Amino acid sequence: MIMNEKIKASEVHVTGIQGEDLGVMSTKEALLLAKQLKVDLVCTSLMSSPPPCKLVGAGQAKQEAMQEKQQARKREQAPKTKELRLTPHIEDHDLETKRQQAVRILQGGDAVQLVVKISGKEGAQAKALLEDLVKDLSAYGRKQTGIQLSGKQASVQLDPL
């Protein structure tokens, strides 16, 4: 993003603070206008001639640029996998709490590993519990793996949509 004195073009097409079209003027005139209004002159694109510029509140352009950088950095990071542990005999209220936690994690952009600890012949119960949870969370995430029963636990991983 090019601002104020860094704009090298001789003429610019200026848009006002409220989005009104101020027309084509020399860069010096546009900078004087920006200084009078105590705002920044920001070049939005260098691909056209004259380049379009807009008047933006002082400091607002820098803040927008920082926010864009943060969003880009957030998108670059690989999603983390967070584990939620359950038991086959979980109470309804506790199950609802775990479901809300899973929704919050998936909406935050991270994957959820749902793990049910089992002992003895609880495998079918654990699988049914996980199937219900996957069905309830289908609006927020999709299964990366099928439901896996292995030894003393059953698990499934959900990735965010």
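Above this text is the structure in question.
Presented here is an overview of the structure given in this document. Treat the numbers as computed from the prediction; the structure is a model and nothing was measured. Residue numbers run consecutively from 1 along every chain, following the written order of its sequence. Residue-level local features of this predicted model are given only where pLDDT is at least 70; pairs of side-chain atoms are given and counted only at 80 or more, and the full residue set underlies all totals for whole chains, interfaces and linings. Only hydrogens and water are removed before side-chain values are computed, so all heavy atoms of the structure are retained for them.

### A look at helix α4 (residues 123–136)
Only runs of H or I of at least four residues qualify as helices and only runs of E of at least two qualify as strands under DSSP, and these elements are numbered from the N terminus. In this scheme, a helix's expected span is set at 1.5 Å multiplied by one less than its residue total. The terminal C-alpha atoms of α4, which comprises 14 residues, lie 20 Å apart, in line with the 20 Å expected from a rise of 1.5 Å per residue. When we look at burial in α4, the residues that qualify are G123, A126, L129, L130, L133 and V134. Projection of α4 onto a plane perpendicular to its axis shows the buried side chains occupying an angular sector of 135°, all on one side. Opposite the packed face of α4, turned more than 90 degrees from it, sit the exposed residues A124 and K135. Each residue is placed in one exposure class: buried if its accessible area under a 1.4 Å probe, protein chains only, is under 20% of its type's maximum, exposed if it is over 50%, and partly exposed if it falls in between. As used here, the arc belongs to the directions running from the helix axis to the C-beta atoms.

### A closer look at the environment of R142
Along the chain, R142 falls in strand β8 (residues 141–143). Between the C-alpha atoms of R142 and L106, which are 36 residues apart in sequence, the distance is 9.8 Å. R142 has contacts with Q157, L158, D159, P160 and L161, leaving out every residue within four places of it along the chain. Only heavy atoms matter for contacts: two residues are in contact if any of them lie within 4.5 Å across the pair.

### Considering the pattern of salt bridges
It is possible for side chains of opposite charge to pair when their charged atoms get near one another. Here a salt bridge means any side-chain nitrogen of Lys or Arg lying within 4 Å of a carboxyl oxygen belonging to Asp or Glu. Applying the stated criterion to the full structure yields 5 salt bridges. For the salt bridge of D136 with R99, the shortest nitrogen-to-oxygen distance reads 2.9 Å. Remark: R99 occurs in helix α3 (residues 92–107) and D136 occurs in helix α4; sequence separation between them is 37 residues. Judged by relative accessible area, D136 falls into the partly exposed class, the value being 36%. Classification of R99 by relative accessible area gives buried; the value is 17%.

### Concerning the sheet that holds strand β4 (residues 39–43)
In space, the 5 strands of this open sheet follow the order β1-β4-β5-β2-β3, with mixed pairing throughout. Here the strands that pair on one side only, and so sit at the sheet edges, are β1 (2–3) and β3 (21–26). For strand β2 (residues 11–15) and strand β5 (residues 52–57), the ladder comprises 3 bridges, and the chain directions are parallel. Paired with T15 across the bridge in β5 is K54. Strands were regarded as paired on the criterion that DSSP finds at least two bridges between them.

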